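# Close look at the chain arrangement
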Amino acid sequence: EPEVTQTPSHQVTQMGQEVILRCVPISNHLYFYWYRQILGQKVEFLVSFYNNEISEKSEIFDDQFSVERPDGSNFTLKIRSTKLEDSAMYFCASSEREGHNSPLHFGNGTRLTVT
Amino acid sequence: AQSVAQPEDQVNVAEGNPLTVKCTYSVSGNPYLFWYVQYPNRGLQFLLKYITGDNLVKGSYGFEAEFNKSQTSFHLKKPSALVSDSALYFCAVRGPNTGFQKLVFGTGTRLLVSP
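For the structure given in this document, a descriptive report is provided here. (Residues numbered from 1 in each chain as written. Chains lettered and ligands numbered in written order. Predicted model: local features only at pLDDT ≥ 70, side-chain atom pairs only at ≥ 80, totals over all residues. Heavy atoms only, no water.)

This brings us to the nonpolar core. Judged by nonpolar contacts, the single largest core of 28 residues is most densely connected at B:Trp35, B:Leu47, B:Leu48, B:Phe74, B:Leu76 and B:Tyr89. Among the elements that take part in this core, strand β10 (residues 87-94) of chain B stands out by supplying four residues, more than any other. Formed by 22 residues, the second largest nonpolar core is a distinct cluster that contains A:Val4, A:Phe32, A:Ile60 and A:Leu112. (Core = buried A, V, L, I, M, F, W, Y, C linked by side-chain atoms within 4.5 Å. Buried < 20%, exposed > 50% of the residue type's maximum accessible area, 1.4 Å probe, protein only. Helix = DSSP H or I, 4+ residues; strand = E, 2+ residues; numbered from the N terminus.)

Here it is as structure tokens:
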């Protein structure tokens, strides 16, 4: 069964540095997302992306964050000038269609640790 | 605003016994409800969804959930628990006013099935 793949599985960075989290969504999916899960807390929506543009973003997704689909397969989340509170698991997801009838398929996540 | 409540942090059940993981929701209009499961160091895996129609929905691994509109609940159930069902379970809701694709997750319930 096709999977969403994320790299790296664990990223350690110093406060103030930039990080890029990478995702390869399922190949025939058209809608892409980033969620994050701070340790012990709920899974939070960050952003959704369709047709090469952001379709929705949460209040968490401020100017520090950006997303890009640089080619036909990758979907990246860039965090500029990381802060300690950015430490979390970041999950990429994709879905085949829009609307409510299309479940999200999640990757295994990237654990980001900001020191 | 849409929200989901999972009132139990942890549910303990013996193998072979039925299990229930509770979820209640708050959304304007008709809800679209989902259950996801998270195994250690893994992403979220889709279990089942309710969109419309029959209130009892069946999903992966023998799980089912019952939509109850009057009680605004969507409890996850399984007739006979397995040790391998031990994981973190998330209820999520997407409503007509939730936004393009945004899923709102509950805080999660840890299910522990003892041999």
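Residue and element names in this part refer to chain A. With antiparallel pairing, four strands are arranged side by side in an open sheet as β1-β3-β8-β7. A single partner strand is all that each edge strand has here, and the edge strands are β1 (5-7) and β7 (65-68). Strand after strand, the sheet turns through a mean of 20 degrees between neighbouring axes, direction not considered. Where β1 lies against strand β3 (residues 19-24), three bridges are found, and the strand directions are antiparallel. For Thr5, the partnering residue across the bridge sits in β3 and is Val24. (Pairing = 2+ DSSP bridges. Axes fitted to C-alpha atoms, helices over the stretch in contact; angles between N-to-C directions.)

Before going further, it helps to examine the state of the cysteines. Within the structure shown, the criterion is met by two disulfides over all chains. Across the disulfide from A:Cys23 sits A:Cys92; the S-S distance is 1.9 Å. Disulfide A:Cys23-A:Cys92: torsion about the S-S bond near -65 degrees, hence left-handed. Linking A:Cys23 in strand β3 with A:Cys92 in strand β9 (residues 88-95), this pair joins segments that are 69 residues apart in sequence. For the pair A:Cys23 and A:Cys92, one class covers both residues: buried. Through a disulfide, B:Cys23 is tied to B:Cys91; the S-S separation comes to 2.0 Å. Taking the sign of the torsion about the S-S bond as the criterion, the disulfide between B:Cys23 and B:Cys91, at about -65 degrees, is left-handed. Separated by 68 residues along the polypeptide, B:Cys23 in the loop between β3 (19-21) and β4 (24-26) and B:Cys91 in strand β10 bring together distant segments of the chain. We classify B:Cys23 as buried; its relative accessible area is 0%. (Disulfide = S-S within 2.5 Å.)

Turning next to the interface of chain A and chain B. A common way to express how large an interface is: the accessible area buried when the components associate. Taken together, the 24 residues of chain A in the interface contact 25 residues of chain B. Carbon and sulfur atoms supply 57% of the area buried between chain A and chain B, which totals about 2100 Å² over both sides. In this structure, the connection of chain A to chain B is made through zero salt bridges. Our count for the chain A to chain B interface comes out at five residue pairs in polar contact (both at pLDDT 80 or more). Elements that contribute at least two residues to the side of chain A that touches chain B include exactly β4 (31-37), β5 (43-50), β6 (53-57) and β9 of chain A. For the side of chain A that touches chain B, a count of residues per class yields ten nonpolar, ten polar and four charged. (Contact = heavy atoms within 4.5 Å. Buried area = accessible area lost by both parts, 1.4 Å probe. Salt bridge = Lys/Arg side-chain N within 4 Å of Asp/Glu carboxyl O. Polar contact = N/O pair within 3.5 Å; in protein donor to acceptor, adjacent residues only side chain to side chain. Nonpolar A, V, L, I, M, F, W, Y, C, P; charged D, E, K, R; others polar.)

Residue and element names in this part refer to chain B. Under the counting rule described, the total for this entry stands at four salt bridges over all chains. In this structure, the salt-bridge partner of Lys77 is Glu66, at a minimum N-O distance of 3.6 Å. With Lys77 in strand β9 (residues 73-78) and Glu66 in strand β8 (residues 64-68), this pair connects stretches of sequence that are eleven residues apart. Looking at Glu66, the relative accessible area reads 38%, which means it is partly exposed.

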